Amino acid sequence: MKGCDRQMRTNESIKVPDSTRAVMSLLEEAGFECFVVGGYLRDTLLGRATFDIDLATSATPEDVMRSLSRYVVIPTGLRHGTVTVLTTDGSIEITTFREDGMYSDFRHPDVVRYAKTIEEDLARRDFTINALAWNEKRGLIDPWDGQSDLKKGLIRTVGDANQRFREDALRILRGLRLSAELSFQIEERTSDAMRSCAQLLKHVARERLQVELNRLLIGENALSVMQGYVDILSVVIPELSILDDCAPSPLNVAFLRASSMGRDIPLRLAALLCDLENALEILKRLRYDNATIDRVEKLIAFQSEKLFPEKRSVWRGLYRYGQKDFLDGMRLRVAGERAHANIQGIVAPSAPADTAVSPTTAAIAQIADDLIRRNRILELKDLAVNGHDLLGRGYRGQEVGAMLEILLEKVCVDDFPNERESLLAAIDSKSEN
Ligand code: ATP
Ligand code: MG
């Protein structure tokens, strides 16, 4: 294990922004304890960029509001003892030390009890690497040996894994998300318990699942997590098992395709789900917003769009989808072709990401690139004539828009001059025919 130890920052490198320090000082001056906890410490020790700061305190939410009266404090999660403080550097979540009670529904503790010490609070946290606390006075507090797991790159639950996942099944997906984000391995017992408790994810609110799924999908190590934990992902998206039936598995194509996209959630979702008939239903079920669903729908529709490697066909595609969706749709096509070829052993996974596999797709991409570079992706408003000109020449209703589009295509594809006189002459001669 020694060989894969990670380079870690020292405890001395832990620094918090002045705005956070000011909040911590106010609570301390009022006689309470206050610690930085959670992802901020984990990511700082790993030398990763981190923004979100979570604080844990012995003060109750009412005490926090009283002590921080000069700040805007929003009671964001009073039931869990959480308030959010707005500072010049952003917002800070402050949660009162807690020990969770029984969980009878696999997601919410029946009662939340405040705890007296930070050690009790750390014991209810999900993973050892998240169960660290720090303040200037006491330095780093690490009762669960989280630093050693950080060094080894391991995700391990605090305490008995089965019990922790039975208390709150979302932790299973959080564990996969952390593994995808940090490229950490999941410790064996934790991993076994994840699999045996996976069905409990059905009890977890879908909005919460969505948040973790998004982060998993764009994680650096997403591919190996998806490949290694199909059984768990299939509880969240049961339709994935339809793709897992034949060999070579279309599911692996979907995973490869998804992991080769940029850190763009709709694009990754489209890449994962575009071979399924009910992709949009899946997204609705997982409570995705309409903007995401619309974009995924467009990207998936693009996959079955008939495009030919000639200027007119490519231009029409660009015009209909818009440049951004067209290019993203093409990336998806290329990624799909590459994924198929990878699985059949035709191209190495290490080949450049935008290597198009089929000559047709390559030619379409080339033509699109050329049209864009030559500034041929104009809109109706860029045309030197407008609807009024056509109305004046006897065109009515839908004819107007249709004729403008014909003119636009002439300009963009046939390099017809975009000049008022020439365009009007073209119209006149047409209406005379
Ligand atoms: P990031 O901010 O990068 O998402 P994080 O670890 O800070 O990572 P948060 O969701 O902000 O994640 O949670 C803050 C801390 O609260 C976690 O580090 C963990 O200690 C604890 N925590 C969050 N969710 C759970 C949970 N479901 N069960 C137990 N502890 C949790
Ligand atoms: Mg956080």
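Sequence order as written defines the numbering, with residues in each chain counted from 1. Whichever chain is written first is A, and whichever ligand is written first is 1; the rest continue in order. With pLDDT at 70 or above as the cut-off, local features in this predicted model cover only qualifying residues; side-chain atom pairs require 80 or more to be listed or tallied, and sums for whole chains, interfaces and linings still use all residues. Side-chain measures here rest on the full set of heavy atoms in the structure, leaving out hydrogens and waters.

> Now, about the domain arrangement of the chain: what can you tell me, with residues and values included?
Domain annotation for the chain reports domain 1 (1-152), domain 2 (156-236), domain 3 (301-373) and domain 4 (380-432). What counts as a domain boundary in this text is fixed by an automatic or database domain assignment. With centres defined by C-alpha atoms, the gap from domain 1 to domain 4 works out at 64 Å.

> Give me the packing of aromatic side chains: which residues, what numbers.
Two rings belonging to Phe, Tyr or Trp (six-membered ring only in the last case) form a pair when the distance between their centres is within 6.5 Å. Interplanar angles under 30 degrees mark stacking, angles over 60 mark edge-to-face geometry, and anything in between is tilted. The final tally for this structure, using the stated rule, is five aromatic pairs. Geometrically, the ring pair formed by Phe-35 and Phe-97 is tilted, given 6.2 Å between the ring centres and 35 degrees between the ring planes. Taken together, the residues Phe-35 in strand β1 (residues 34-37) and Phe-97 in the loop between β5 (90-96) and β6 (98-100) connect sequence positions 62 residues apart. Just as Phe-35 is buried, Phe-97 falls in that class too. Ring centres 5.1 Å apart and planes at 10 degrees place the aromatic pair Trp-315 and Tyr-319 in the stacked group. The helix count covers DSSP runs of H or I at least four residues long, the strand count covers runs of E at least two residues long, and both are numbered beginning at the N terminus. In this scheme, a residue with accessible area under 20% of its type's maximum is buried, one over 50% is exposed, and one in between is partly exposed, where area comes from a 1.4 Å probe on protein chains only.

> Residue-level account of the site of ligand 1, with values.
Whether a residue is near a molecule or strand depends on its heavy atoms: it is near if one of them lies within 4 Å of it. The full set close to ligand 1 counts 14 residues, and Gly-39, Arg-42, Asp-168, Arg-171 and Arg-215 are the nearest of them. Here Asp-54 contributes a side-chain N or O atom positioned 3.2 Å from an oxygen atom of ligand 1. Here Arg-215 contributes a side-chain N or O atom positioned 2.6 Å from an oxygen atom of ligand 1. Burial of ligand 1 by the surrounding chains reaches 81%, relative to a free accessible area of 580 Å². Of all elements in the fold, only α2 (39-46) and α7 (170-182) reach the threshold of two or more residues within the shell around ligand 1. At three residues, α7 tops the list of elements feeding residues into the shell around ligand 1. Taken together, the residues of the shell around ligand 1 sort by class into no nonpolar, three polar and eleven charged. Residues adjacent in sequence count toward polar contacts only when both atoms are side-chain atoms; beyond that, a polar contact is any pair of N or O atoms within 3.5 Å, and within protein one must be able to donate a hydrogen and the other to accept it. With residues, only the protein chains shown are counted as cover, and all accessible areas are computed by Shrake-Rupley using a 1.4 Å probe. Note that Gly is not counted as nonpolar here; it falls among the polar residues with everything else outside the nonpolar set of Ala, Val, Leu, Ile, Met, Phe, Trp, Tyr, Cys and Pro and the charged set of Asp, Glu, Lys and Arg.

> How would you sum up the packing of helix α17 (residues 311-321) against helix α19 (residues 359-373)? Please name residues and give values.
Two packed helices can be described by the angle between their axes and the distance between those axes. Orientation of α17 relative to α19, taken along the N-to-C sense of each, is 70 degrees, at an axis distance of 9 Å. One way to sum up the angle between α17 and α19 is to call them roughly perpendicular. Relative to α19, the crossing made by α17 is right-handed. Contacts between α17 and α19 involve Lys-311, Val-314, Trp-315 and Leu-318 on the former and, on the latter, Ile-364, Ile-367, Ala-368, Leu-371 and Ile-372. When the residues that make up the contact of α17 with α19 are grouped by side-chain class, the tally is eight nonpolar, no polar and one charged. Under this scheme, a helix contributes an axis fitted over its contacting stretch, all axes are lines through C-alpha atoms, and angles between N-to-C directions fall in the 0 to 180 degree range. Roughly parallel refers to an angle under 35 degrees, roughly antiparallel to one over 145, roughly perpendicular to one between 65 and 115, and oblique to any angle outside these ranges. Two helices crossing with the near one rotated counterclockwise from the far one by less than a right angle form a left-handed crossing, whereas a clockwise rotation gives a right-handed crossing. We call two residues in contact when some of their heavy atoms are within 4.5 Å.

> For the side chain of Asp-43, give the residues involved together with the corresponding values.
Along the chain, Asp-43 falls in helix α2. For Asp-43, the contacting residues outside a window of four places in its chain are Arg-48, Ala-49, Thr-50 and Leu-182.

> So what's going on with the sheet that holds strand β2 (residues 53-57)? Residues and values would help.
Two strands qualify as a pair provided that DSSP identifies no fewer than 2 bridges between them. Spatially, seven strands are ordered β3-β4-β5-β2-β1-β8-β9 in an open sheet, and the strand pairing comes out mixed. Bordering the open sheet on either side are β3 (72-77) and β9 (139-141), each of which pairs with just one other strand. Across the sheet, the axes of successive neighbouring strands diverge by a mean angle of 30 degrees, strand direction being ignored. Relative to β5, strand β4 (residues 82-87) is paired through six bridges, and the arrangement is antiparallel. In the sheet register, Thr-87 faces β5, and the bridge partner there is Gly-90. Seen against the sheet, α2 touches β1, β2, β8 (133-135) and β9 and runs at an angle of roughly 60 degrees to β1.

> Please set out the pattern of salt bridges residue by residue, giving values where relevant.
For side chains bearing opposite charge, pairing can occur when the charged atoms are close. One speaks of a salt bridge when a side-chain nitrogen belonging to Lys or Arg is within 4 Å of a carboxyl oxygen belonging to Asp or Glu. What the rule picks out here adds up to 38 salt bridges. Two residues, Arg-171 and Glu-167, come together in a salt bridge whose shortest N-O distance is 2.8 Å. For Glu-167, a relative accessible area of 15% translates into the label buried. Taking the shortest distance from any N to any O, the salt bridge between Arg-331 and Asp-328 comes out at 3.3 Å. With Arg-331 and Asp-328 both in helix α18 (residues 323-343) and three residues apart, this pair spans about one turn of that helix. With relative accessibility at 39%, the residue Arg-331 sits in the partly exposed group. The exposure class of Asp-328 is buried, given its relative accessible area of 6%. Beyond isolated ion pairs, a larger network of salt bridges with shared partners links Asp-264, Arg-295, Lys-298, Lys-324, Asp-325, Asp-328 and Arg-331.

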